[in-house]
Amino acid sequence: MSATVLTSLEATLRAKRDAGRKILVPYVTGGLKGWTDAIRAAAANGADVIEIGLPFSDPVMDGPIIQEASQRALDDGATPVSILEGVRTLDVDVPLVVMCYYNTVHHAGHERFASQLVQAGITGAIIPDLPLEESGPWCSAADAVGLSTIMLAAPTAPDERLPRVCARARGFVYSVGLLGVTGERTELAATASQLASRLKKITDVPVIIGVGVSNSAQAVEACKVADGIVQGASVVRRLMEGGADAVGAYVAEVRAAIDAG
Amino acid sequence: MSISEQSIMSEPSEAGRFGEFGGRFVPETLVPACQELEASFREAWADPVFRAELDQVLREYAGRPSMITECYQLGAKLGIRLVLKREDLNHTGSHKINNVLGQVLLAKRMGKKRIVAETGAGQHGVASATAAALMGMSCKVYMGAVDVERQALNVFRMKLLGAEVEAVHSGSRTLKDAVNEAMRDWVASVESTHYCLGSVMGPHPYPWMVREFHRVIGSEAREQCLERYGKDPDFVVACVGGGSNAIGIFSGFVDTDARLIGVEPAGGAAVGRGQPGVVHGMRSYLMQDEYGQVQEAHSISAGLDYPGVGPEHSYLASIGRAEYPTVTDAEVIEAFQLMAKTEGIIPALECAHALAWITREAPKMQGKTVLMNLSGRGDKDVGQMMEILG
């Protein structure tokens, strides 16, 4: 990695990690009722990065909660364009990344989509159905405009694969916490810490666990190994049930828990 | 074609591409599983022991070879020689069994204990449940809630065969959503489970592997036509949803002079109305809106209610080797009844699409030999037709 110039997102996250802070990444489905307020609330209550989902008709990596949120947003007329317009109005001082399925990118065109994201103030992208072997053209377009492509690493990856995934990751490595799709679970899967620990041994890029980290206790457990955590379904459920205030309160709770260790 | 010349339908590239179509656009979790499947299939397909095992089960269990039948009455009426490849006579009533027996044998060889499958009309679900029962594996079938309703008979058949059927209530509640749910299951169960995909779609190696398992349709049909008529047909016609029965029969004739016709429903015309897109692991023609949201297909036939198409069809269309016209539901209903009344054969609604195109275009094909893949029997559709025809 020494030859690579760090993206601004990665520089920010490395500095936080090196200062001893665990990185908290709440996820909010763009276009879902109250989503911009939820992002502001998350930013005000201790988020380090906020992941904004661009809803897609066929979200194969998502479980029931985020599926429902995506469907509600689409039914309300959300589009990538309307969500990026909303992002421009946010005025929050934490880095924003998007999570979107590859057809959204493919349909817009790599260069065009990358520049649309940058113009809206987005610093990174997570594309869960674009694995390493297919990622070349998109990554070139993203690199060219300084956008971080956050690669996913999965528990099923053999040892020889992980260094290649990490070498391509910008910003952070998204360490998939379990075999399965997004959603809340009663316990943190054993695979979460196992994979994060394998990754920590081979990369200096921040390692953040997402998928299946469902509450503050699990966040604390995951952060014993990882540099941080994504909170997806647990945040989105609160937004659907209790609005932006519930999101703010939850983010504050997780923040306090991981700060206390 | 000379032996040294490579077939138009040979192996995809290393990256699983047919031209610019195909690929492997899956969550990272599934990449190793797709790689393992590709390696296992490659090894098994080159192993005479596996091939002999599959040939035996196709012969003794599925009832292959399936025969060809000339439709004398209908042919005379239309002014063509109409020949059917009788995949409807296979065990379980459709071509789907060819692929399923291949995949389940392979899954067993790979040490998997469980299979998951998606189904539209229920034919692939029934075939999967059948193969799982035969080979002692557990089986779960995902089926859109809309299809569960309109194909109740097949749901019951799957349950009789010991499979678990889960109705999918997300999205359009049809085949595309059943595929999503089967993929989600596979993401969570990949270590013990094989995803028995039912068409020539999905991530590499599925489009290639499923084609190879259905190649038997085209190989047999070409031999049978040469033996019976001493020449290749002028037209080879099949319906296209994902496109497995069409790929199977096209594979036997792609290197001949026959015109290849894949008939899509007007409400699910991926090639006809779609643009290149990526869903379900593949880059192919896809019905989508201006932001790349996948659109819902609407067709009278549950098996063709799919907004995408197998990537090799997109390739064959892009190089002009195959044509993909559409027919309407009304034309399909006519064709369904026509075949029943003139030939005593009740076709699956899917195959009635192929016949609908043939009857419409017959005036331009006078005196020609037209081979149609009758890929399934229509018993499953009788209840639905009873409601439509009253």
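Reading the values: the criteria
Residues numbered from 1 in each chain as written. Chains lettered and ligands numbered in written order. Predicted model: local features only at pLDDT ≥ 70, side-chain atom pairs only at ≥ 80, totals over all residues. Helix = DSSP H or I, 4+ residues; strand = E, 2+ residues; numbered from the N terminus. Rg over C-alpha atoms; globule rule 2.2 N^0.38 Å. Buried ≥ 20, exposed ≤ 12 C-beta atoms within 10 Å, placed from the backbone. Contact = placed C-beta atoms within 7 Å. Nonpolar A, V, L, I, M, F, W, Y, C, P; charged D, E, K, R; others polar. Pairing = 2+ DSSP bridges. Axes fitted to C-alpha atoms, helices over the stretch in contact; angles between N-to-C directions. Domains from an automatic or database assignment. Left-handed = near helix turned anticlockwise from the far one by under 90°. Core = buried A, V, L, I, M, F, W, Y, C linked by C-beta atoms within 7 Å. Right-handed = clockwise from strand over helix to strand, strands pointing away. Parallel < 35°, antiparallel > 145°, perpendicular 65-115°, else oblique. Arc of directions from axis to C-beta.

What follows covers the overall build of chain A. A count of helical and extended segments in chain A gives eleven helices and nine strands. Since a compact globule built from 261 residues should have a radius of gyration of about 18 Å, the 16 Å found for chain A is in line with a globular shape. For chain A, the spread of C-alpha atoms along the principal axes amounts to about 45 × 40 × 30 Å. Taking all 261 residues of chain A together, the buried fraction comes to 58%. At a minimum sequence separation of 6, the contacts of chain A that also span at least 24 residues come to 71%.

Counting its secondary structure elements, chain B contains 15 helices and 15 strands. For 390 residues, the compact-globule estimate of 2.2 N^0.38 gives 21 Å, and the C-alpha radius of gyration of chain B, at 19 Å, lies within 12% of that figure. Seen through its principal axes, chain B has C-alpha atoms that stretch 55 × 55 × 45 Å. Residue burial in chain B is summarised as follows: out of 390 residues, 62% are buried.

Between chain A and chain B, the contact holds 30 residues from the first and 28 residues from the second. Where the side of chain A that touches chain B is concerned, the elements lending two or more residues are helix H3 (64-75), helix H5 (102-108) and strand E6 (152-153) of chain A. Broken down by element, the residue count for the side of chain A that touches chain B peaks at five residues, all from H5 of chain A. Its residues placed into classes, the side of chain A that touches chain B shows 17 nonpolar, nine polar and four charged.

Our next topic: the sheet that holds strand E2 (residues 21-25) of chain B. The strands making up a sheet are joined through hydrogen bonds of the backbone, oriented either antiparallel or parallel. All names here are of chain B. Pairing in this open sheet of four strands is antiparallel, and the strands run E1-E2-E12-E11 from one edge to the other. Every interior strand has two partners, whereas the edge strands, strand E1 (17-18) and strand E11 (275-279), have only one. Bridge analysis of E2 against strand E12 (residues 281-286) gives two bridges, and the strand direction is antiparallel. The residue of E12 that forms the bridge with Gly-22 is Arg-283. Strands E1, E2 and E12 of the sheet are contacted by helix H12 (residues 311-318), whose axis makes an angle of about 45 degrees with E12.

Turning our eyes to something else, we now look at the sheet that holds strand E1 (residues 23-29) of chain A. On the basis of which strands lie adjacent, the open sheet formed by nine strands has the order E5-E4-E3-E2-E1-E9-E8-E7-E6 (chain A) and parallel pairing. The open sheet has two edge strands, strand E5 (148-149) and E6 of chain A, and neither has a second partner.

Residue and element names in this part refer to chain B. Domain boundaries assigned for chain B yield domain 1 (17-58 + 96-206) and domain 2 (64-94 + 215-389). Using only C-alpha atoms to locate each centre, domain 1 and domain 2 end up separated by 22 Å. At the interface, 35 residues of domain 1 touch 40 residues of domain 2. Listing elements by their share of the side of domain 1 that touches domain 2, those giving two or more residues are E2, helix H4 (96-109), helix H5 (123-135), helix H6 (145-150), helix H7 (152-160) and helix H8 (175-189).

Our next topic: the packing of helix H10 (residues 216-223) of chain A against helix H11 (residues 233-260) of chain A. All names here are of chain A. One can describe the packing of H10 onto H11 by two numbers: an axis separation of 9 Å at closest approach and a directional angle of 35 degrees. At the point where H10 passes H11, the crossing takes the right-handed sense. Listed contacts from H11 to Ser-216, Ala-219, Val-220 and Cys-223 of H10 are Glu-253, Val-254, Ala-257 and Ile-258. In terms of residue class, the contact of H10 with H11 is made up of six nonpolar, one polar and one charged.

Bringing the nonpolar core into the picture now. One recurring pattern in soluble globular proteins: nonpolar side chains tend to sit buried together. Within the largest apolar cluster, 217 residues are counted, with the highest numbers of intra-cluster contacts made by Val-28, Ala-153 and Ile-229 of chain A together with Val-237 of chain B. In terms of residue count, the dominant contributor to this core is H11 of chain A (ten residues). When residues of this core are sorted by domain, at least three fall in each of domain 1 (17-58 + 96-206) and domain 2 (64-94 + 215-389) of chain B. Those residues in contact with Ile-229 of chain A that lie beyond four places of it in its chain are Leu-24, Val-25, Ile-208, Ile-209, Gly-210, Val-213, Ala-219, Ala-222 and Cys-223 of chain A.

All names here are of chain B. Burial of strand E9 (residues 235-239) is extensive: five of the five residues sit out of reach of the surface. Taking every second residue as pointing to the same face, both faces of E9 are buried, with Phe-235, Val-237 and Cys-239 on one and Val-236 and Ala-238 on the other. When E9 meets strand E10 (residues 259-265), the two strands line up parallel, connected through five bridges. The residue bridging Val-236 from the neighbouring strand is Leu-260, located in E10. The handedness of the E9 to E10 crossover, carried by helix H10 (residues 244-250), is right-handed.

A few words now on the packing of H3 of chain A against H11 of chain A. Residues and elements named next belong to chain A. Contact geometry for H3 and H11: axes closest at 9 Å, N-to-C directions at 50 degrees. Classed by the angle they form, the pair H3 and H11 counts as oblique. For the pair H3 and H11, the sense of crossing is left-handed. On H11, the residues touching Ile-65, Ile-66 and Ala-69 of H3 are Ala-233, Val-236, Arg-237 and Met-240.

Another point: the environment of Ala-47 of chain A. All names here are of chain A. Mapped onto the elements, Ala-47 comes out in the loop between helix H2 (35-44) and strand E2 (50-53). Separated by 51 residues in the primary sequence, Ala-47 and Val-98 have C-alpha atoms spaced 15 Å apart. Look past the residues within four positions of Ala-47 in its chain and what remains in contact with it is Leu-24, Val-25, Pro-26, Ala-42, Val-94 and Val-251.

Right, let's get into unusual backbone geometry. Residues and elements named next belong to chain B. Of the consecutive residues Arg-64 and Pro-65, the connecting peptide bond is found in the cis state with omega at -5 degrees. Mapped onto the secondary structure, Pro-65 falls in the loop between helix H2 (48-62) and strand E3 (68-70). Residue Thr-92 is not a glycine yet carries a positive backbone phi of 75 degrees. One can find Thr-92 in the loop between strand E4 (81-86) and H4. Judged by the 24 C-beta atoms lying within 10 Å of it, Thr-92 falls in the buried class. One non-glycine residue, Arg-173, lies in the positive phi region at around 55 degrees. In this structure, Arg-173 sits in the loop between strand E7 (164-168) and H8. Since 19 C-beta atoms lie within 10 Å of it, Arg-173 is described here as partly exposed.

Right, let's get into the environment of Pro-65 of chain B. Among the residues examined, Pro-65 of chain B registers 18 C-beta atoms within 10 Å and is labelled partly exposed. A sequence separation of 22 residues divides Pro-65 of chain B from Glu-87 of chain B, and the C-alpha atoms of the two residues are 9.1 Å apart.

An α-helix turns once every 3.6 residues. As a result, residues three or four positions apart point the same way. Residues and elements named next belong to chain A. For helix H1 (residues 8-18), every residue scored as buried is listed here: Leu-9, Glu-10 and Leu-13. Buried residues along H1 cover an arc of 90 degrees about the axis, so they all sit on one side. Along H1, the residues that are exposed and aim more than 90 degrees away from the buried face are Ala-11, Ala-15 and Asp-18. Looking at the buried side of H1, the elements it contacts are E1, strand E4 (124-126) and E5. Trailing H1 by a residue or two, Gly-20 shows a phi angle of about 90 degrees, which is positive.

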